[in-house]
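# Chains, contacts and geometry: an overview
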Amino acid sequence: MQVFVQIVESGSLTKAANKLNTSLPTVVRTLAALEEHLNIRLINRTTRKITITEEGQRYLQRCRRILYEIEQSELEISAHQKAPSGNLKVTASVMYGSTYIAPLVAKFLKEHPQMTIDLQLSDQNLNLLEEGIDVAVRIGPLDDSNMVAKQVGSVRRMICATPKLLNEIDVITRPKDLSNAPCILFTGLSHGTNWHLHQGEKILSIPVKGPLACNNITSALNVVKEGLGLGMFLSYQVEKELASGELCLLLEQYEPPPLDVNIVYSHAKLMSTRIRYFVDWLTHELRHQMNY
C-alpha cells in the first residue's frame, strides 16, 4: 500500500523509488505483486507517464485511510518518548503568519530548545510534498485530498472603509451600490474585478472598480486607511482598525460564509513524533487565540 500510494503521489515509478530509498525494479515488482494479489490493474503505465485507473482511485482512498490509522496507532504507542527534537518546516500566509504563527513559533522554541523551525511565509499555497514542508496553516477551502486538516477557527470576509470616505460618497445600503463606489482591489482575495457577497442562499457577484489593484495585503489596507476606497479583507487583517474606529464595517448582513482556518499536513509523509507534538501544541494555542 505504501509503495502504491507513493507511486501515485510522485507521478512516476522512478520518483517513487527515490522517495522510498529503494530500487526501481523493487517498486515495479511490488506494484505487480499487489495488482496480481487484487486481480485488478491499479495503474496504466507507458514509457512516458502513468495514469491511475478508476479501481485504483477507489483503492487509493482506502489505502490512505488505512495507512493514516496505522501511523496514528504507532504514534499513540510511542507517545511516551522524550521531548521532541529536530527541525520542522512550517508555512503560512504572510499577514496571518506574521500576526499569529511567528509569535507562537517563538513561544514554542523557548519551551522546546532542542527544536528548530524553518518558517516560510508566503501568500502562495506551497506544495507540501514538493517543498518538503511538514506543517501548513491554510485559510479557505482545501482542495488537496492528500492533506489531513485540523480546524482551529474561522475568519470573516469584510468590506471596510474610513468614516471620512463614507461621508463623502453615496450611502451604501445594498451590494449593488458598490459598483458606484471607489474600491481597492486586493487581488489575493477578490475574484478579478468582482466581489462575491451572499443574500441568503443566493451568491451576488458585484463588479467593482477603483484607483488601485494590488497583490499585497498591507499595501492595499494602507490605501483603504488613507480613504481612497473601500476594501474587502479577512477579519483578522482589519481587527485593530475596526476596534479603534479607524475603519467602519459595511454590508455585514451580506457577508459570504466564514472561511475555515486549518492546520494541515500530508497523508503521504510519515508523522514523526515532533510533527505530531507541534501540530497538537499549535492546535491548542490557535484555538485559544481564535476562541474556537
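The shown structure was predicted, so the numbers you read here are calculated from the model rather than taken from an experiment.

Here we take up the pattern of salt bridges. If you walk through the whole model with that rule in mind, you get eleven salt bridges. Note that E252 is salt-bridged to R156, the shortest N-O span being 3.0 Å. In this pair, E252 sits in the loop between β13 (248-250) and β14 (259-266) while R156 sits in the loop between β6 (147-155) and β7 (157-161), placing the two residues 96 residues apart along the sequence. When its relative accessible area of 45% is taken as the criterion, E252 is described as partly exposed. In this structure, the salt-bridge partner of K225 is E241, at a minimum N-O distance of 3.3 Å. Taken together, the residues span a long stretch of sequence, with K225 in helix α8 (residues 217-225) and E241 in helix α9 (residues 239-244) at a distance of 16 residues. What makes K225 partly exposed here is its relative accessible area of 26%. Among the ionic contacts, a cluster of salt bridges with common partners joins K150, R276 and D280.

It is worth spelling out the environment of I217 at this point. With respect to the helices and strands, the residue I217 is situated in helix α8. By relative accessible area, I217 is classed as buried at 4%. Sequence spacing of I217 and L185 is 32 residues, and the spatial spacing of their C-alpha atoms is 9.7 Å.

Take the sheet that holds strand β3 (residues 86-92) next. Pairing within the open sheet is mixed, and its five strands lie in the order β4-β3-β5-β14-β6. The open sheet has two free edges, formed respectively by β4 (115-121) and β6, since each of these has just one partner strand. Between one strand axis and the next, the sheet turns through 20° on average, direction left out of account. Pairing of β6 with β14 involves eight bridges; the strand directions are antiparallel. Bridge pairing in β14 links S154 to D260.

Moving on to the packing of aromatic side chains. One pass over the structure, following the stated rule, counts seven aromatic pairs. Ring centres of F108 and Y277 lie 6.4 Å apart, and the angle between their planes is 55°; this geometry places the pair in the tilted category. Taken together, the residues F108 in helix α5 (residues 94-111) and Y277 in helix α10 (residues 273-289) connect sequence positions 169 residues apart. Ring centres of F108 and F278 lie 5.0 Å apart, and the angle between their planes is 80°; on these two criteria the pair is classed as edge-to-face. You can see F108 sitting in helix α5 and its partner F278 sitting in helix α10, a full 170 residues away along the chain. The same class applies to F108 as to F278, namely buried. Site record: aromatic cluster; members linked through ring pairs are F108, Y277, F278 and W281.

Thresholds applied
- Residues numbered from 1 in each chain as written.
- Predicted model: local features only at pLDDT ≥ 70, side-chain atom pairs only at ≥ 80, totals over all residues.
- Heavy atoms only, no water.
- Salt bridge = Lys/Arg side-chain N within 4 Å of Asp/Glu carboxyl O.
- Helix = DSSP H or I, 4+ residues; strand = E, 2+ residues; numbered from the N terminus.
- Buried < 20%, exposed > 50% of the residue type's maximum accessible area, 1.4 Å probe, protein only.
- Pairing = 2+ DSSP bridges.
- Axes fitted to C-alpha atoms, helices over the stretch in contact; angles between N-to-C directions.
- Phe/Tyr/Trp six-rings, centres within 6.5 Å; stacked < 30°, edge-to-face > 60°.

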